[in-house]
Amino acid sequence: MLIDTHAHLNFGAFREDADEVIKRSLDAGMMIVNVGSQYSTSARAVKYAKKYPGKLFAAVGTHPIHLHAGNFSYKDQDDELLIEEIATIGEDVDFEKYRELALEKEVVAIGEIGLDYHHFNEGDDRERMKARQKEVFLGFINLANVVGKPVMIHCWDAYEDLLEILESNPVKKAGIIHSFIGGYRTAKRFIELGYKIGLNGIVTYGISYDRLIKETDLSDIVLETDCPYLAPGPKKGERNEPLYTAYVAEKIAEIKNMTEKEVAEITSRNAREMLEMETNCNSN
Ligand SMILES: [Zn+2]
C-alpha cells in the first residue's frame with residue numbers, strides 16, 4: 001500500500017477530473033494527503049477530504065511563494081523547466097481562519113509552509129521578502145503547536161535558515177520536509193530534529209539523489225508526488241497523479257536493493273505514524 005503524502009488534487013489542473021483521479025488511486029489501495037498552498041486551496045483540500053474519510057486527508061497553509069504577488073516557474077539545476085508559470089496574488093494570512101480549518105479532523109498537517117529563496121525575480125526586495133516568509137512561517141509553527149499537528153514544509157535554497165528556525169522554534173510533532181532536494185548530510189540534520197524526508201519524482205530524473213537515497217534510512221523517508229507537478233521518470237512532462245508514487249518507490253527499491261513492496265510498506269508506516277493517520281481512520 002502506497003501513501004502519497006503530498007498531492008495537489010485541489011489545484012486547477014484537476015478541476016475537470018479530481019474525483020476520477022482520487023477514485024482510481026483509492027481503488028489501488030492508496031491513501032493521499034491533499035495539500036493547500038493558500039487559504040482557498042487549503043479549504044478545498046478539507047472539503048475533498050470530507051468526501052473520502054479515512055483515505056484522503058488534508059494539509060492547510062500558505063506556501064511561501066504565495067506571500068508575494070508575481071509569476072514563478074520552477075526549473076531544475078540544468079535550467080530545465082519542471083513547473084510552468086504559477087501566478088500568485090500575495091496572500092494576507094489570516095491565522096484565525098486557518099486555526100478553524102486546522103482543527104478539522106481530516107487535517108493531518110499544517111502546510112505547505114516554509115521558505116523559498118529560489119523564486120525571487122529581478123528587482124525584488126529580497127531581504128524584505130525573506131523576513132516576511134520567516135514571520136509567516138513562525139506564525140504557522142505556532143499554529144501547528146496550538147492545534148498539536150505536524151508541519152509539511154516546503155524549502156528551496158534555504159535549508160540553513162530553515163534548520164536555524166526549527167532548532168530555535170521546535171514544532172512539537174515535527175513533520176515532513178517535502179520535496180527534499182538537499183544532500184544526505186543536510187537530511188540527517190532534519191532527521192535528528194525528528195523530521196521525515198519527502199521524496200518525489202525529482203529523485204527519478206537522474207543519479208543526483210542516489211547518494212541521498214542510499215545514505216538515508218528508509219525509516220526516515222516518506223513518498224509523495226507533488227502532483228500535478230514533477231511527474232516521475234517515464235511520465236516526466238505529463239500531469240502527475242498519486243498513482244505515480246509507485247515510480248518513486250521503484251527508484252528507491254532499486255538503489256536500496258529492496259523490493260518495491262518493502263519500500264511501500266515501510267514508507268507508508270512512516271507516513272501513518274508521522275501524520276497520525278490511524279487516529280483519523282479509526283474515528284471514521
Ligand atoms: Zn506542493
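I will try to describe carefully the structure that is included in this document.

As for the overall build of the protein
Argument step 1. Regarding its fold elements, the protein presents 10 helices and 10 strands.
Argument step 2. Taken over C-alpha atoms, the radius of gyration comes to 17 Å for the protein, in line with the 19 Å a tight globule of 284 residues would show.
Argument step 3. Residues classed as buried in the protein amount to 46% of the 284 residues present.
Argument step 4. Partitioning the intrachain contacts of the protein with sequence separation of at least 6 by distance along the chain shows that 70% fall at a separation of at least 24.

Remarks on the environment of P242
Argument step 1. One can find P242 in the loop between β10 (221–223) and α8 (245–256).
Argument step 2. P242 sits in the buried class, given 28 other C-beta atoms within 10 Å.
Argument step 3. With residues near it in sequence (within four places) discarded, P242 still touches D4, A7, S25, M30, I32, T225 and C227.

Considering the nonpolar core
Argument step 1. Core analysis: the biggest nonpolar cluster contains 78 residues, and V33, A59, V60, I110, F140 and V151 have the highest contact counts within it.
Argument step 2. For I110, the contacting residues outside a window of four places in its chain are A59, V60, G61, A102, F140, L143, A144, K149, V151 and M152.

Re the sheet that holds strand β2 (residues 31–35)
Argument step 1. The strand order β1-β2-β3-β6-β7-β8-β9-β10 describes an open sheet built from 8 strands, whose pairing is parallel. Of all the strands in the sheet, the pair left with one neighbour each is β1 (3–7) and β10. In this sheet, adjacent strand axes meet at a mean angle of 30 degrees when their direction is disregarded.

Focus: the packing of α8 against helix α9 (residues 260–274)
Argument step 1. The N-to-C vectors of α8 and α9 enclose an angle of 110 degrees; their axes lie 8 Å apart at closest approach. Taken together, α8 and α9 sit at an angle that is classed as roughly perpendicular. In the packing of α8 onto α9, the handedness of the crossing is right-handed. Across from A249, E250, I252 and A253 in α8, the residues of α9 making contact are E260, V263 and A264.
Argument step 2. Here the residues of the contact of α8 with α9 are counted per class, giving 5 nonpolar, no polar and 2 charged.

Overview of helix α4 (residues 126–147)
Argument step 1. The terminal C-alpha atoms of α4 lie 31 Å apart, and with 22 residues this matches the ideal 32 Å at 1.5 Å per residue to within 8%.
Argument step 2. Elements in contact with the buried residues of α4: α3 (95–102), β6 (107–116), β7 (151–156) and α5 (159–168).
Argument step 3. G148 occupies a position one or two residues after α4 and carries a positive phi of about 70 degrees.

Examining helix α1 (residues 18–27)
Argument step 1. When α1 is considered as a whole, its buried residues turn out to be V21, I22 and S25. The buried side chains of α1 occupy one side of the element, clustering within an arc of 100 degrees when seen end-on. The exposed residues of α1 that point more than 90 degrees off its buried face are E20, K23 and D27.
Argument step 2. Just downstream of α1, G29 is the residue with a positive phi angle, here 90 degrees.

A short note on the pairing of strand β9 (residues 196–199)
Argument step 1. Of the two faces of β9, the one carrying K196 and G198 and the one carrying I197 and L199 are both buried.
Argument step 2. For strand β8 (residues 175–177) and β9, the ladder comprises 2 bridges, and the chain directions are parallel. Among the inter-strand pairings, I176 is bridged to a residue of β9, identified as K196.
Argument step 3. Pairing of β9 with β10, which is carried by 3 bridges, proceeds in the parallel orientation.

Description of the packing of α3 against α4
Argument step 1. Relative orientation of the contacting elements α3 and α4 amounts to 35 degrees, with a least axis distance of 11 Å. For the crossing formed where α3 meets α4, the hand is right-handed. When α3 is examined against α4, the residues F95, Y98, R99 and A102 are found in contact with a partner set consisting of G139, L143, V146 and V147.
Argument step 2. When its residues are assigned to classes, the contact of α3 with α4 shows 6 nonpolar, 1 polar and 1 charged.

Conventions we followed
- Residues numbered from 1 in each chain as written.
- Predicted model: local features only at pLDDT ≥ 70, side-chain atom pairs only at ≥ 80, totals over all residues.
- Helix = DSSP H or I, 4+ residues; strand = E, 2+ residues; numbered from the N terminus.
- Rg over C-alpha atoms; globule rule 2.2 N^0.38 Å.
- Buried ≥ 20, exposed ≤ 12 C-beta atoms within 10 Å, placed from the backbone.
- Contact = placed C-beta atoms within 7 Å.
- Core = buried A, V, L, I, M, F, W, Y, C linked by C-beta atoms within 7 Å.
- Pairing = 2+ DSSP bridges.
- Axes fitted to C-alpha atoms, helices over the stretch in contact; angles between N-to-C directions.
- Parallel < 35°, antiparallel > 145°, perpendicular 65-115°, else oblique.
- Left-handed = near helix turned anticlockwise from the far one by under 90°.
- Nonpolar A, V, L, I, M, F, W, Y, C, P; charged D, E, K, R; others polar.
- Expected span 1.5 Å × (residues − 1).
- Arc of directions from axis to C-beta.

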